[in-house]
Amino acid sequence: MAWFKKTRKPMATPAKEKPSRVPEGLWVKCPGCSQVIYNKDLAANLSVCPKCGHHFRINATERLRMLFDGEWTEFDKELTSTDPLGFTDTKPYKSRLKASIAATGMKDAVIVATGSVEGIPTVIASMEYGFIGGSMGVVVGEKITRGIERAIEAQMPVVIVCCSGGARMMEGALSLMQMAKVCGALARLDRRKLPFISVLTDPTTGGVTASFAMLGDLNIAEPKALIGFAGPRVIEQTIRQKLPEGFQRSEFLIEKGMLDLVVDRRELKSVIAKALRFMGAVTAVTPEVTAAPPVPEPAAQG
Ligand SMILES: [Zn+2]
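Not measured: the values here are computed from a predicted model.

## Observations regarding the overall build of the chain
Per the secondary structure count, the chain includes 10 helices and nine strands. Each of the 302 residues in the chain was classed as buried or not, and the buried ones make up 42%. Considering only intrachain contacts with a sequence separation of at least 6, the fraction spanning at least 24 residues in the chain is 69%. When the accessible surface of the chain is totalled, it reaches about 17200 Å², and 58% of it is carbon and sulfur.

In structure tokens, the structure reads:
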């Protein structure tokens, strides 16, 4: 007997507007102002509409390119999910993983890397929405945790760029445990007095919001990002009330004191660097400077 077999059909979801990923091709229409933008211009503007400031969703690699000064070193690139539950919904989890690996060229929904941000050595975890909705499974939790542990070891600050639908349901309770694991690692980081900045991008929902995304020493969001725990449709159905305009968007949340800053993507890097310096992070000393002649030992007293 299958205990967890789903006999009822899932609820039909209403057709939504197309997601705002930048499509392939020469031109793209801005969902904010309907302006047609040349794709190269958009890329040069960090995927922000030059006319209305609409922030297009960008992938994990573009995010790292935007934040780091240059090259970065990626950690645990080869970690992959083992499908511990042998889960199948509309299709097997194994084939979902395979399809996402083929589509993104990544093994799971996060890149954890170290590099420098305006000269400050930093560990950045960047989540990839294109990989099963940026969901947090065992691999995402483990990679972020290891990244934080590396930061503790090397005395570096941590920046996590969230872009996730929440915990990965295909890994059941195991994915929920990642919330506690990452938070535990962040607590150890905090005890070492190392800064953690959380960057919330569109969308940051579910178990990610409910754990590390809201734990930053500074919680910075991009404009108009969807940030919440349950989705607006679920809340509307539960409380049987129409939700206010702009509910769960960055601007609404900062008004309610849930966020510290809403920052335009084009200023994000300098704001992060400024905050890190304020919190005591130090700029790496260039090798030429380190290679100064050793200070002669003081003569023995006697
Ligand atoms: Zn626009």
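## Examining the side chain of Ser 211
With respect to the helices and strands, Ser 211 occurs in the loop between helix H6 (206-209) and strand S8 (218-221). The residues touching Ser 211, leaving out its near neighbours within four places in the chain, are Met 136, Met 179 and Cys 183.

## As for the pairing of strand S4 (residues 110-117)
Along S4, seven of the eight residues are buried, which leaves the element largely enclosed by surrounding structure. Here strand S3 (residues 73-75) runs beside S4; their pairing, made up of three bridges, is antiparallel. Across the sheet, Glu 74 pairs through a bridge with Ala 113, a residue of S4. Two elements, S4 and strand S5 (residues 120-127), share eight bridges in a ladder whose sense is antiparallel. Paired with Thr 114 across the bridge in S5 is Val 123. Counted between consecutive antiparallel strands, the loop separating S4 from S5 contains two residues, among which Glu 118 sits at a positive phi close to 50°.

## A short note on the pattern of salt bridges
If charged atoms from side chains of opposite charge come close, those side chains can pair. Scanning all chains against the criterion turns up 17 salt bridges. With a closest N to O distance of 3.4 Å, Glu 236 and Lys 242 form a salt bridge. Here the salt bridges do not stand alone but share partners, grouping Asp 76, Glu 142, Arg 146, Arg 150 and Lys 181 into one network.

## Details of the environment of Leu 174
With respect to the element layout, Leu 174 can be found in helix H5 (residues 172-191). Taking the C-alpha atoms as reference points, Leu 174 and Leu 85, 89 residues apart in sequence, are found 9.3 Å from one another.

## What to know about the packing of helix H2 (residues 60-67) against helix H9 (residues 265-278)
At a minimum axis distance of 9 Å, the contact between H2 and H9 shows a crossing angle of 55°. Judged on the interaxial angle alone, H9 and H2 are oblique. Taking contact as the criterion, the partners of Arg 63, Met 66 and Leu 67 in H2 are, on H9, Arg 265, Leu 268, Lys 269 and Ile 272.

## So, the coordination of the zinc ion
Coordination sphere of the zinc ion, protein contribution only: Cys 30 (SG), Cys 33 (SG), Cys 49 (SG) and Cys 52 (SG), at 2.2 to 2.3 Å. Of note is the zinc ion, whose four donor atoms meet at the metal with angles of 107 to 112° in an arrangement that counts as tetrahedral. As a motif over one chain, the donors of the zinc ion read C-x2-C-x15-C-x2-C. Of the two residues, Cys 33 sits in the loop between strand S1 (27-29) and strand S2 (36-38) while Cys 52 sits in the loop between helix H1 (39-44) and H2, which places them 19 residues apart along the sequence. Since its relative accessible area comes to 23%, Cys 33 is described here as partly exposed.

## Things to note about the side chain of Ser 81
Here Ser 81 shows up in the loop between S3 and helix H3 (93-104). In terms of polar contacts, Ser 81 uses its side chain to reach the side chain of Tyr 93, at 3.4 Å. Excluding residues that lie within four positions of it along the chain, Ser 81 makes contacts with Tyr 93, Leu 97, Asp 108, Val 139 and Glu 171.

## Overview of unusual backbone geometry
Here the amide bond leading from Asp 202 into Pro 203 is cis, since omega sits at -10°, within 30 degrees of zero. Summarising the element assignment, Pro 203 is placed in strand S7 (residues 196-204). Positive phi, close to 65°, is recorded for Ser 34, a residue that is not glycine. By the element assignment, Ser 34 lies in the loop between S1 and S2. Exposure remark for Ser 34: the relative accessible area of 45% places this residue in the partly exposed category. In this structure, Asp 83 is a non-glycine residue whose phi angle is positive, near 55°. With respect to the helices and strands, Asp 83 occurs in the loop between S3 and H3.

## A word on helix H4 (residues 138-154)
When the terminal C-alpha atoms of H4 are compared, their 24 Å separation across 17 residues agrees well with the 24 Å that a helix rising 1.5 Å per residue should span. Along H4, the residues that are buried comprise Val 139, Val 140, Gly 141, Lys 143, Ile 144, Thr 145, Gly 147, Ile 148, Ala 151 and Ile 152. Elements that come into contact with the buried residues of H4 comprise S3, S4, S5, strand S6 (158-164) and H5. Gln 155, located one to two residues past H4, shows a positive phi value of around 60°.

The rules we used
Residues numbered from 1 in each chain as written. Predicted model: local features only at pLDDT ≥ 70, side-chain atom pairs only at ≥ 80, totals over all residues. Heavy atoms only, no water. Helix = DSSP H or I, 4+ residues; strand = E, 2+ residues; numbered from the N terminus. Buried < 20%, exposed > 50% of the residue type's maximum accessible area, 1.4 Å probe, protein only. Contact = heavy atoms within 4.5 Å. Areas by Shrake-Rupley, 256 points an atom, 1.4 Å probe, with all protein chains shown as cover. Pairing = 2+ DSSP bridges. Salt bridge = Lys/Arg side-chain N within 4 Å of Asp/Glu carboxyl O. Axes fitted to C-alpha atoms, helices over the stretch in contact; angles between N-to-C directions. Parallel < 35°, antiparallel > 145°, perpendicular 65-115°, else oblique. Donors = N, O, S within 2.8 Å, 3.2 Å for Na, K, Ca; no water. Tetrahedral: all angles 85-135°; square planar, octahedral: opposite > 155°, others 65-115°. Polar contact = N/O pair within 3.5 Å; in protein donor to acceptor, adjacent residues only side chain to side chain. Expected span 1.5 Å × (residues − 1).

Geometry only, nothing functional implied.
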